[in-house]
Amino acid sequence: MIARTAFLASFALSSSALACPTPPDATQLIPEADHAPAAYAEMNTPPLSAPFAMLVTFCDPAQKIEALMFDALMPAHRHGMNFTVDVSKIADNRFEVSNIVFHMPGLWELQFGAEFAGRAYTYIAEVQVK
Amino acid sequence: MKVSLQILAVLGVLATSAHAEELPIFDAHMHYSHDAVSFVPPNEVVKILRDAGVRKALVSSSDDRGTQLLKAAAPDIIVPALRPYERRGAIGTWMHDPSVIDYLAKKLAKFEYEAIGEFHAYGDDIQTKVIQTMIGMARERNLLLHHHGDREALDQILATWPEARVLWAHSGFAPPNEVANALRTYPRVWADLAYRSDMADSSGVDEDWRKAFEKFPDRFMVGTDTFAPERWHYVGRHAEFSRSWLAHLPDDIARKIAFENAEAMLAAK
Amino acid sequence: MNWVVRLVGVLVCLLCGLSSAQADVILSKAEIDQTLRHGPWPPEVVLDPSNRVSGDTTAISLGEVLFSDLMLSRDRTISCASCHDPEQNFTDGLPRAEGRKTLDRNTQALWNLAVQRWYGWSGDSDSLWAQNLTPLLNPDELGHDENSLRAALVASVHRPAYEALFGEMDAEPAVETTVNVSKVLAAYIETLRSGKTSFDQFRDALASGDMKKAAQYPLSAQRGLQIFVGRGNCAFCHSGPAFTNGEFHHAAVPFFLERGGVDPGRAEGIDRLMESPFTLAGEFSDDGSKAGAWAVRNVRFQHGNFGAFRVPTLRRAARTAPYMHDGSLRDLASVIQHYNQIDMERLHSDGEAILRPLGLSDQDAEDLEDFLRTLSDD
């Protein structure tokens, strides 16, 4: 757990250096690979055990993300969501992920997979659900 | 009803080919513990296995008696493994209990086994005297190790005994790329998919998992994990589930994962 | 200091200790935050968009009458009320329901059921009206089929009220009639709401910062609440204002059946949903936008579904013993001891690291029970 937090922190620094106009209350997505385009998610406070949606934006206009995959799990309880989500592309490099249900309070780890020209970028982020 | 079709496919209600229905299964992750013996007697278990088309099963039990009873009832199906502890409650503590060694020695002297496991061990647990001795005992007899734990423990097992054959339970609950990494690093590690459903998705097989299966077609196998007595009644459903997602892989890979890889692993002494 | 003065001092202190103990909120800031999440209560009244007679007063009164009408059973011997007895909090006090034979499960009470995600212990239905079809058509319960139910209604005194709601019956297909009857019953059941309890008074007082009023909530219940949101981990599953997350979990309750085999719980619930033409994704929903249909479309297959049951609400639970899906636990004290001495062997070692033996003292167990009772004293 400590290792992961340190890992997240190190990436948080490097990705904030990228030039992406991230809105102030957006959640920065932490890429696994350095060269991945910067990305962020915008959402209201996730409700407990009720569906909600988030908007995911990729910042590099040179790369048009073709598809987005989303999943989430609770590392402490080793289970994921009871539902699959719906993903729709709403503009270039902008996706809506809807029908996300976090059915338990605690820390959820969000996993994003973005496809671009046959390559796949993965990102993670964390949210605390109350 | 387009909606339901997706999930029905995953549930195995829509078998995609006649071949899929008959695919024989080697269930590489079963337990038949002391409480299960009283709730689901051996003859009932054997009927469940035969009805489900499970031709072989790697069975280990907390309290080895269950394994022996099953072996006697269906010697053609049961491949016995020796679990190093007698109560499931000891999952987190057995490696600090020196009596485990006597227990193993006694059992190994008395019965035939193909494997030691499924045992739970994480990280440095492998360095405990009990586990080091246990690995030594497996080495003397060239037994498979059925390990439930993280990559770090897996690394330490192979550092202790580089030629070990290890079946990584639940594929370490790791994502497919990490599982593939372990299989690439260790040619004598296999991975069971017990208690996982992330490889099956609404379109058939998850893309990342498909890549792992295609890269390592000889290294994966299925398992039900009958960890509580009731779960013996899940064996049939699980076999159907396995057949339904395997039907989305090329036939030869499906057959390997369903059955052949487990046989080959046991033969690779 | 002489001994008299000392004694008086001790006495005064004892008294001050006592009085402050009786009139204190002992919850930490964090515990107060957690407590606030179990309210407010009651929730806003919402209508069911999939049921066009939801909230309709004619439908509600017809539903109430039908609920206890023997006409709803094919042989006119039982009604919904035979199991869901209005005098017994809409349940029957039995471990397992008695229909034409003993069923496998405990009769659920019918409080606070408007617009939930899932119904039944295994979530076989995604709407209240769809859930009502099960007892109507189950041969072991009311035992009707579509035609027999329609015939019974056509011949009954309820026909005019029914036609006022749904129009002329003559040309109506029997399946429509059956679904409409279940919608009328749903309109009635939606109105069964539990009220504010002493827990809610406490919570409201905390919310408005009225500590004096909050302090009237008994200390034992406060200590029980601390266990509930704290080391008991209860609020992981029994969350929110209704004390349930509405989803499915393992609470280490065995699920073998007396008649042999097992109750597959949620695993079978999903099978049934997938087979049912009566879900919110289907044509019998009156909601053109199919707003609630995402749940049945997106529900996920998982091996852990086998033997998982829906987390029951704890509101009014103190009045609806016995407990669990099979009624296997006699009273609240037994439920608490079940959790206190939970059998870890029944849970997957990689499952939710939430349930574990709690090491509750007798006093702790009583406190927890006192707390649970304050969810039922409305």
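If you're wondering where the values come from, they're calculated on a predicted model, not measured in any experiment. (Residues numbered from 1 in each chain as written. Chains lettered and ligands numbered in written order. Predicted model: local features only at pLDDT ≥ 70, side-chain atom pairs only at ≥ 80, totals over all residues. Heavy atoms only, no water.)

Caption draft 1: The overall build of chain B, seen in detail. A tally of helices and strands in chain B yields 12 helices and 10 strands. Here the C-alpha atoms of chain B give a radius of gyration of 18 Å, agreeing with the 18 Å that 2.2 N^0.38 yields for 269 residues. In terms of its C-alpha atoms, chain B occupies a principal-axis envelope of roughly 60 × 40 × 30 Å. Relative to its full complement of 269 residues, chain B shows a buried share of 59%. (Helix = DSSP H or I, 4+ residues; strand = E, 2+ residues; numbered from the N terminus. Rg over C-alpha atoms; globule rule 2.2 N^0.38 Å. Buried < 20%, exposed > 50% of the residue type's maximum accessible area, 1.4 Å probe, protein only.)

Caption draft 2: Structural context of the overall build of chain C. Counting its secondary structure elements, chain C contains 15 helices and 2 strands. If one aligns the C-alpha atoms of chain C with their principal axes, the spans along those axes are about 100 × 45 × 40 Å. Expressed as a percentage of the 378 residues in chain C, the buried residues total 54%. Restricting the contact set of chain C to residue pairs at least 6 apart, pairs at least 24 apart contribute 70%. For chain C, the computed accessible surface area is about 16100 Å², with 56% contributed by carbon and sulfur atoms. (Contact = heavy atoms within 4.5 Å. Areas by Shrake-Rupley, 256 points an atom, 1.4 Å probe, with all protein chains shown as cover.)

Caption draft 3: Quick peek at the environment of Asn93 of chain A. Residues and elements named next belong to chain A. Here Asn93 lies in the loop between β7 (86-91) and β8 (94-100). Excluding its chain neighbours within four sequence positions, the residues that come into contact with Asn93 are Val56, Thr57, Phe58, Asp60, Pro61, Gln63, Lys64 and Ile65. A polar atom in the side chain of Asn93 sits 2.8 Å from the backbone nitrogen of Ile65. (Polar contact = N/O pair within 3.5 Å; in protein donor to acceptor, adjacent residues only side chain to side chain.)

Caption draft 4: Representation of the domain arrangement of chain C. All names here are of chain C. Its domain assignment divides chain C into domain 1 (24-42 + 195-265 + 307-378) and domain 2 (57-189). A straight line from the C-alpha centre of domain 1 to that of domain 2 covers 30 Å. Taken together, the contact between domain 1 and domain 2 spans 23 residues of the former and 21 residues of the latter. When domain 1 packs against domain 2, the two sides together hide about 1900 Å² of surface, and 49% of this comes from carbon and sulfur. If you sort the residues of domain 1 by the area they bury against domain 2, Arg310, Arg316 and His325 come out on top, with a joint share of 27%. For the pair domain 1 and domain 2, the number of links is 4 salt bridges. Here Arg96 and Glu258 are joined by a salt bridge, their closest N and O atoms 3.1 Å apart. Joining domain 1 to domain 2, the criterion identifies 8 residue pairs in polar contact (both at pLDDT 80 or more). Within the side of domain 1 that touches domain 2, the residues separate by chemical class into 8 nonpolar, 6 polar and 9 charged. (Domains from an automatic or database assignment. Buried area = accessible area lost by both parts, 1.4 Å probe. Salt bridge = Lys/Arg side-chain N within 4 Å of Asp/Glu carboxyl O. Nonpolar A, V, L, I, M, F, W, Y, C, P; charged D, E, K, R; others polar.)

Caption draft 5: Local environment of helix α7 (residues 129-141) of chain B. All names here are of chain B. End to end, α7 covers 19 Å across 13 residues, agreeing with the expected 18 Å (1.5 Å per residue, within 8%). Listed as buried for α7 are Val130, Ile131, Met134, Ile135, Met137 and Ala138. All buried residues of α7 fall inside an arc of 155° around its axis, so they share one side. Away from its buried face, by an angle of more than 90 degrees, α7 presents the exposed residues Lys129 and Glu140. Those residues of α7 that are buried lie in contact with α6 (99-110), β4 (115-120), β5 (144-148) and α8 (151-160). (Expected span 1.5 Å × (residues − 1). Arc of directions from axis to C-beta.)

Caption draft 6: View of the environment of Val235 of chain B. Residue and element names in this part refer to chain B. Mapping Val235 onto the fold places it in helix α11 (residues 235-246). The exposure class of Val235 is buried, given its relative accessible area of 1%. Leave out the neighbours within four places in its chain, and Val235 touches Met30, Ile48, Leu49, Ala52, Val54, Thr224 and Thr226.

Caption draft 7: Local environment of the packing of aromatic side chains. One pass over the full model with this rule turns up 34 aromatic pairs over all chains. Here Tyr234 of chain B and Phe306 of chain C contribute two aromatic rings whose centre-to-centre distance is 4.7 Å and whose plane-to-plane angle is 40°, an arrangement assigned as tilted. Remark: Phe306 of chain C occurs in the loop between α13 (294-298) and β2 (309-310) and Tyr234 of chain B occurs in the loop between β10 (220-221) and α11; the pair is interchain, linking two chains. Of the two residues examined, Tyr234 of chain B and Phe306 of chain C, each falls in the buried class. (Phe/Tyr/Trp six-rings, centres within 6.5 Å; stacked < 30°, edge-to-face > 60°.)

Caption draft 8: Representation of the interface of chain C and chain B within the structure. Tallying the contact residues gives 25 residues for chain C and 33 residues for chain B. Each partner contributes to the roughly 2600 Å² buried at the junction of chain C and chain B, and carbon and sulfur atoms together form 64% of this total. If you sort the residues of chain C by the area they bury against chain B, Phe301, His303 and Glu345 of chain C come out on top, with a joint share of 30%. The partner of Asp271 of chain C in a salt bridge is Arg237 of chain B, with the nearest N and O atoms 3.0 Å apart.

Caption draft 9: Spotlight on helix α2 (residues 29-36) of chain C. Residue and element names in this part refer to chain C. Residues Glu31, Ile32 and Thr35 constitute the buried set of α2. Buried residues of α2, seen end-on, are gathered within an arc of 105° and therefore sit on one face of the element. Those residues of α2 that are buried lie in contact with α9 (198-207), α10 (211-214) and α11 (219-229).

Caption draft 10: Molecular detail of the sheet that holds strand β9 (residues 106-116) of chain A. Residue and element names in this part refer to chain A. Ordered in space as β2-β10-β9-β5-β6, the 5 strands form an open sheet in which the pairing is antiparallel. With partners counted over all chains shown, the strands left at the sheet margins are β2 (30-31) and β6 (79-80), one partner each. Across 2 bridges, the pairing between strand β5 (residues 67-74) and β6 is antiparallel. From the neighbouring strand, Leu73 faces β6, where its bridge partner is Gly80. (Pairing = 2+ DSSP bridges.)

Caption draft 11: Spotlight on the side chain of Ser285 of chain C. All names here are of chain C. With respect to the helices and strands, the residue Ser285 is situated in the loop between α12 (266-275) and α13. With relative accessibility at 6%, the residue Ser285 sits in the buried group. Looking at Ser285, its side chain comes within polar contact range of the main-chain nitrogen of Asp287, at 3.1 Å. The contact partners of Ser285, leaving out residues within four places of it in the chain, are Ser50, Trp129, Thr279, Leu280 and Lys290.

Caption draft 12: Focus on the sheet that holds strand β1 (residues 27-28) of chain A. Residue and element names in this part refer to chain A. Spatial ordering of the open sheet is given by β1-β3-β4-β8-β7, a layout of 5 strands whose pairing is antiparallel. On the outer flanks of this sheet lie β1 and β7, each paired with one strand and no other. Pairing analysis gives 5 bridges linking strand β4 (residues 52-58) to β8, with the strands arranged antiparallel. Pairing of Phe52 across the sheet is with Ile100, part of β8.

Caption draft 13: Representation of unusual backbone geometry in the model. Residue Glu118 of chain B is bonded to the preceding Gly117 of chain B through a cis peptide linkage, with omega at -15°. For Glu118 of chain B, the location among the structural elements is in strand β4. Of note, the phi angle at Phe90 of chain C is positive, near 60°, even though the residue is not glycine. Within the secondary structure, Phe90 of chain C is located in the loop between α4 (80-83) and α5 (128-137).

Caption draft 14: Geometry of the packing of α2 of chain C against α9 of chain C. Residues and elements named next belong to chain C. It is the contact of α2 with α9, at a shortest axis distance of 10 Å, that shows an interaxial angle of 120°. Considered as vectors, α2 and α9 are oriented oblique to each other. For α2 against α9, the interelement crossing comes out left-handed. Listed contacts from α9 to Ile32, Thr35 and Leu36 of α2 are Phe199, Phe202, Arg203, Leu206 and Ala207. (Axes fitted to C-alpha atoms, helices over the stretch in contact; angles between N-to-C directions. Parallel < 35°, antiparallel > 145°, perpendicular 65-115°, else oblique. Left-handed = near helix turned anticlockwise from the far one by under 90°.)

Caption draft 15: Quick look at the side chain of Gln302 of chain C. One can find Gln302 of chain C in the loop between α13 and β2. At 3.2 Å, the side chain of Gln302 of chain C and the side chain of Asn82 of chain A are in polar contact. Beyond its immediate sequence surroundings of up to four residues, Gln302 of chain C is in contact with Met81 and Asn82 of chain A together with Ser197 and Tyr234 of chain B.

Caption draft 16: Highlighting the packing of helix α3 (residues 57-67) of chain C against helix α8 (residues 174-189) of chain C. All names here are of chain C. Direction vectors running N to C along α3 and α8 enclose 100°, while the axes themselves pass 7 Å from each other. Classified by the angle between their axes, α3 and α8 sit roughly perpendicular to one another. Only Val181, Val184, Leu185, Ala187, Tyr188 and Ile189 of α8 make contact with α3, whose side of the interface consists of Ala59, Ile60, Leu62, Gly63, Glu64, Leu66 and Phe67. Residue composition of the contact of α3 with α8, by class: 11 nonpolar, 1 polar and 1 charged.

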